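Residue-level listing of the chains:
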Amino acid sequence: MTDPAVRVDTTSQVPPYEQIRAQLAALIRTGRLAEGERLPTVRQLAVDLGLAPGTVARAYRELEAAELIRTRRGAGTRVAGLPSEPHAHDADQLTTLARDFTSAARALGADTDDILASVRDALGPGPTSW
């Protein structure tokens, strides 16, 4: 993992370990982090993000439980192969992320139409039901 793709918003209601977990999971599932790619050590990522190592360790444990990464003594932590079956999303987690985004967007002065347009842009081209 060469570029600092993970960011933590300390003002967010989403716990830092969950922000790390969600961002790394998204990078893995979208292929931005390829199978076999080495992740930073818990200690290094904690230093990079200004967090306690236990926070990063918890995110890594949850990613391992989801079989998205694997840690081997001497080989470090690497991206695992994606499971063959599609991953079901967690509706509560998705709602929390949406609320977080909406709150941040409103703090910037965005109204509902601006927020919806941003989400549509982020989703990219394709059929929509809106």
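Refer to the structure presented above.
Residues numbered from 1 in each chain as written. Predicted model: local features only at pLDDT ≥ 70, side-chain atom pairs only at ≥ 80, totals over all residues. Heavy atoms only, no water.

Draft legend 1. Quick peek at the environment of V6. Its location among the elements puts V6 in the segment before α1 (16-29). Relative accessible area serves as the criterion here: at 5%, V6 is assigned to the buried category. Distance from V6 to L27, taken between C-alpha atoms, is 9.2 Å for residues 21 residues apart in sequence. (Helix = DSSP H or I, 4+ residues; strand = E, 2+ residues; numbered from the N terminus. Buried < 20%, exposed > 50% of the residue type's maximum accessible area, 1.4 Å probe, protein only.)

Draft legend 2. Up close: the nonpolar core. By size, the foremost hydrophobic cluster in this structure holds 19 residues, and its most contacted members are I20, L24, L33, Y60 and L63. Taken together, the elements giving at least two residues each to this core come down to α1, α2 (42-49) and α3 (53-65). In terms of residue count, the dominant contributor to this core is α1 (6 residues). If sequence neighbours within four positions are ignored, I20 has contacts with V6, V8, L45, L49, L51, T55, V56 and A59. (Core = buried A, V, L, I, M, F, W, Y, C linked by side-chain atoms within 4.5 Å. Contact = heavy atoms within 4.5 Å.)

Draft legend 3. The pairing of strand β1 (residues 69-72), seen in detail. Taken together, the 4 bridges between β1 and strand β2 (residues 76-79) define a ladder with antiparallel strand orientation. Within β2, the position partnered with R70 by the bridge is R78. The loop that links β1 with its antiparallel partner β2 comprises 3 residues; one of these, G74, has a positive phi angle of about 85°. (Pairing = 2+ DSSP bridges.)

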